[in-house]
Amino acid sequence: MQTHDTLVSYLLLLFIAIVVSLAVRRIKLPYSIGLVVAGFVLGYSQIVPSFTIDSSLIIYIFLPALLFDSSFNANMTNLKQHWKLIFAFAIPGTIVSILIVGTITHFLIGVPWMSSLLFAALIVPTDAISILAVFKELKVPSKLATLVEGESLFNDGVAIIMFKLILALILAEQYDLIGIDYASFSFRLAASYTGGLILGAASGYAAGYLMKRLKDPLLEIMITVIVIYGVFLLAEKIDVSSIVTVVVTSLMIGDLSRRMTISATTQIALSSFWSFSAFALNSILFLFIGLQLNFTMLWSNLLPILIALVAVNIGRIVFIYPYSNLVNWLSRKNIIMHRDHVPLKWQHVLALGNLKGSLSMALVVSLPDTLVYKDFLTVLTFGVVFFSLIVQGTTLRPILRLFRLQTLSQDQIEFDKRQGMIISAKAVLASLKSDYERGLINSAVYDSLREQYEFVVENSEQSITRLQTKNPTLADAHLQATYYQMLMLQRSVILNAQTQHILSEDAANELLANFDRQMATIGWIKKDEA
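Residues numbered from 1 in each chain as written. Predicted model: local features only at pLDDT ≥ 70, side-chain atom pairs only at ≥ 80, totals over all residues. Heavy atoms only, no water.

Colleague: I'm lost on the overall build of the chain in this one. Help?
Modeller: Counting secondary structure elements, the chain contains 22 helices and zero strands. Rg of the C-alpha trace for the chain: 26 Å, near the compact-globule value of 24 Å for 530 residues, within the 12% margin. Along the longest, intermediate and shortest principal axes, the C-alpha atoms of the chain span 90 × 70 × 55 Å. Scored against the burial criterion, the 530 residues of the chain give a buried share of 48%. Carbon together with sulfur atoms contributes 64% to the accessible area of the chain, which is approximately 26100 Å² in total. (Helix = DSSP H or I, 4+ residues; strand = E, 2+ residues; numbered from the N terminus. Rg over C-alpha atoms; globule rule 2.2 N^0.38 Å. Buried < 20%, exposed > 50% of the residue type's maximum accessible area, 1.4 Å probe, protein only. Areas by Shrake-Rupley, 256 points an atom, 1.4 Å probe, with all protein chains shown as cover.)

If you want it as structure tokens, here you go:
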């Protein structure tokens, strides 16, 4: 009966996620924030029965899938171009932030040293899902998106290694900073991170080598599932960073797909399978965050939560600005590449886009019940994640607009407006024709309005022609997007014909593979240009 009730709860959450997804599109709210708010409202109203998610389920089932999806879709070319900058933000930046957040938590909130550092390690990792969704909508510079995405991918590994090492010290009854073997601590941190990089690279290469030779989408998807979960468990077993291992493995598999080493059919299948998995798991996690929020507990601990939230942002700011200015000085002196320059507006976004999410929740839930400060750290974490998503998440879009960081050209905006006019005017013309044929309007009204909207269509089409002549990339982008949609239509027609036994399976598969190759080429071109 318990299994039945749990399944019902998960299905209910997925249904709520669909409703929230439709709602947030209308109000321009990041999806993850909408889920947290919906979860909070449902939990407070007790419409949804309370339930818990086992911490091991989050760590061992949810986390690898979420990591694969975000890493697989990352642009390896861009990451390689800026890897020095990304690792500098991700590794020393994370360590500095943990020390600052831990120090503020210790002195201003009164949490013992080791527990405050433990909290800092679990709260410092950034959650880039909401940030990148806004970036995609506003078309921010690709380098800025790469920095945010790359840092998010690699700072998780540092934070979790620190989290595990600090937790091990606490469980060994090491409650203060005196007596810690800092040389051993640093060595284990470096070894765990480096070991994850090596194991991930080897696993990614081996998986790609095998997938290249199978040429069977279902088997290749199964290989990615086995490899991602397998290397995660193996990394845990040999005490190297499981997060870094999965990230690097996923990046390599994604890069092989981008270079067309893996079949086009498999690329489409892989992307669809893992995108759905990540969507479903993220939906459940963010709704779970909202459902677990206890208004009474949040209110009674509001001051420490706000102090912790400020501490988290101070820890971010203290590193971002000095380091970015150091990088800019080195680039001006030609000591490093000029492309590593970080504009001041970007520094603001890197500092303010400090959203927290599912990883912090997973880590705090995984703490052993015997830990003295577990309940208080849980309240702090839930509070910081909630206010981070609500306050910083909702202000990110206005901040980006204020700094004018979107790269969408005025020509593109004008093109979209004209296309919108054509779509709306033709919809009206179709409605008018239908109403006229059914006798709902007379010929005089029909002719008058038809001429008016036909003029709108003609005028807009002429404007689009002038824009495409002035800026040929608009015409090419429109052609690519339309061609992609037509290939999707052809693919669905062939699938339908195969289902109805109009086409043989061999013929249909050959045609589908051809469409997939063309779609994958268009898709990767679009990703590389983004």
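Colleague: Looking at this structure, how should I read the packing of aromatic side chains?
Modeller: By convention here, two paired aromatic rings are described through the distance between centres and the angle between planes. Scanning all chains against the criterion turns up 14 aromatic pairs. Both rings, one in F273 and one in W274, keep their centres 5.2 Å apart while their planes meet at 85°; by these two values the pair is edge-to-face. With a relative accessible area of 34%, F273 lands in the partly exposed category. Taking relative accessible area as the criterion, W274 reaches 2% and is therefore assigned buried. The rings of F68, F72, F273 and W274 are connected pair by pair, giving a single aromatic cluster. (Phe/Tyr/Trp six-rings, centres within 6.5 Å; stacked < 30°, edge-to-face > 60°.)

Colleague: So what exactly am I meant to see when it comes to the side chain of D156 here?
Modeller: Note on placement: D156 falls in helix 9 (residues 142-171). Although D156 is buried, it makes no salt bridge; K356 carries the closest opposite charge, 8.4 Å away. Excluding residues within four positions of it along the chain, D156 makes contact with L67, P125, T126, I243 and L359. (Lys, Arg positive; Asp, Glu negative; His and termini not counted. Salt bridge = Lys/Arg side-chain N within 4 Å of Asp/Glu carboxyl O. Contact = heavy atoms within 4.5 Å.)

Colleague: Any chance you could explain the nonpolar core here in plain terms?
Modeller: Soluble globular proteins: nonpolar side chains tend toward being buried together. Counting residues in each nonpolar core, the largest one holds 130 residues, and the members touching the most others are L118, F119, F135, F154 and L367. The leading source of residues in this core is helix 9, at 15 residues. F119 has contacts with V101, T105, A308, L377, L380, T381 and V384, leaving out every residue within four places of it along the chain. Counting residues in hydrophobic clusters, the runner-up holds seven residues, among them L487, I494, F515 and M519. (Core = buried A, V, L, I, M, F, W, Y, C linked by side-chain atoms within 4.5 Å.)

Colleague: When you look at the pattern of salt bridges in this model, what are you seeing that I'm missing?
Modeller: Opposite charge on two side chains permits them to pair, given that their charged atoms come into close proximity. The final tally for this structure, using the stated rule, is nine salt bridges. Here K374 and D369 are joined by a salt bridge, their closest N and O atoms 2.8 Å apart. A salt bridge links K426 to E461, with the shortest nitrogen-to-oxygen separation between them at 4.0 Å. You can see K426 sitting in helix 19 (residues 410-437) and its partner E461 sitting in helix 20 (residues 443-470), a full 35 residues away along the chain.

Colleague: Would you mind going over the environment of G200 with me for this structure?
Modeller: Relative to the helices and strands, G200 resides in helix 10 (residues 182-214). In this structure, the C-alpha to C-alpha distance between G200 and M252, residues 52 residues apart in sequence, is 8.4 Å. In this structure, G200 is in contact with T245, V248, T249 and M252, ignoring residues within four places of it in sequence.

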